[in-house]
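# Overview (structure and organization)
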Amino acid sequence: MFSIRRLAALTLAFPALAFAQSPPPKPATAPPPMPMTPAVVPAPVVAVPDPNAPAPTPCTACEEPAADEPERFLVEKLLGNTAGGQRLLDNGWRIYGWTQGSFTTGSVRRSTLPVPFIDRAEQLSLNQNWLHVEKAVDTSKKEFQIGGATDLILPGTDGRFTISRGLLNDQLGRDYPIDLFQAYLDFFAPNVGPQGTIFRVGKFATHCEYETVQAITTPFVSRSYLFQYNPFTHTGVNAITQLTDDVSVSNGIVLGNDNFIDPAARLTYLGQIKWAPKDGKSSILLNVSATNPRFDPVENFAFYNVYNLQFTHKVTDKLQYVLDTSFSHMDNVVVNGRATSANWYGFVNYLFYDLTDKVQTKARLEFFEDSKGIRTGTAGLYTALTLGATWKPTPWLWILPEVRYDHNSRGRPFEGNQDMFTATIGGLVRW
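Quick notes on the rules
- Residues numbered from 1 in each chain as written.
- Predicted model: local features only at pLDDT ≥ 70, side-chain atom pairs only at ≥ 80, totals over all residues.
- Heavy atoms only, no water.
- Core = buried A, V, L, I, M, F, W, Y, C linked by side-chain atoms within 4.5 Å.
- Buried < 20%, exposed > 50% of the residue type's maximum accessible area, 1.4 Å probe, protein only.
- Helix = DSSP H or I, 4+ residues; strand = E, 2+ residues; numbered from the N terminus.
- Contact = heavy atoms within 4.5 Å.

### Overview of the nonpolar core
In this structure, Tyr225 and Met330 are the most contacted members of the largest nonpolar core, which totals 47 residues. Elements with a contribution of two residues or more to this core: strand 1 (93-106), helix 5 (225-228), strand 11 (319-335), strand 12 (338-354), strand 14 (380-394), strand 15 (397-408) and strand 16 (419-430). Per-element accounting of this core gives the leading share, five residues, to strand 12. In this structure, tyrosine 225 is in contact with Pro114, Val115, Glu366, Phe368, Thr376, Tyr382, Ala384, Arg404, Asp406 and Phe414, ignoring residues within four places of it in sequence.

In structure tokens:
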């Protein structure tokens, strides 16, 4: 039967699809312990970058083209060959996607969990078939505007981690689910705030953590623990205000972390302060997701608070550094038969070095403490070192090799071992 939840999902997806036809313009969070948290920065805009997006990524090989000269791939090139399609592009529409696959081998034989996204050891994985449709608002125009975006995984193994509670989660257990990752409308009010405010309504990616779900804006095929075991998406309303050319703030009310429209809902505050000088070498973001952080045993859903700091610095024209650090906590969690509180926290260091305009090398060093093991399934301090590269022989083809070493200080989460070594080769085709 056609359920209310499916109707709600289609309703959110409809605006972007309807605009496109117009000529003018973390599974339900499992009870602890759990090996993964199901739910990856809004996509690039055509005119002025979204003030709510994380600070410009230092991953040069992962960066999107400049807003005034967007790179066009297969779909948009085909659209440009038709009168209606060219009219859409001229009016600020972006319609594109990508396909990413990978293969992982190493010291484990079945699964790399609690390391996600590359967990299907010794198997080829089609991680993402991603479709992005967007009409960006141009905040340089002092006039009321309506925009929005829709992002779909159609399908992909990454969807097993990103599906929100209450939206298409009847697919849990499938290797290749479909996920409506984002579906929102933007309303730009030029007279609200010093330089205007964007009111975002719908389901949108979190601003917590540096990494993203989207393969074209995240540095590695694998993800950090800090990213995986914190929110992916929120559903609600967020107001993004540009205070000055360098400073923006956002304030929002949503239904929880990785929760769509479901009885497992609790009002949650989202906040961000972002300092990102347009011509500077450094940027700082302070993010928060705050609610009553008590685990809900009736709905079997985790509500928790997140406090996040991101710092980026361009050391030289070729060398760049990023620090991503968070502290998260939750109460009323049952561990060893009694209710208690738990927290998880860590920091991730990134280094990016551009060898050429087509090759970038990169390193990630992470320390992540899961104090009670409620996020990863095994308590302890996780230390993870990842080395990799992004090679772009052509703009539409990326090769993404990486090697990774993981260690847990107190437990044996990796198929009975304290240590795990993995090697992953990924490939991405933009279309």
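### Quick notes on unusual backbone geometry
Note the cis peptide between leucine 113 and proline 114, where omega equals 15°. As for its placement among the helices and strands, proline 114 is situated in the loop between strand 1 and strand 2 (124-135). Note that the residue after leucine 154, namely proline 155, is joined by a cis bond; omega there is -20°. Tracing the backbone through its elements, the reader meets proline 155 in the loop between strand 3 (145-153) and helix 4 (159-162). Phi at aspartate 258 takes a positive value of approximately 60°, unusual for a residue other than glycine. Along the chain, aspartate 258 turns up in the loop between strand 7 (247-254) and strand 8 (268-275). By relative accessible area, aspartate 258 is classed as buried at 0%.

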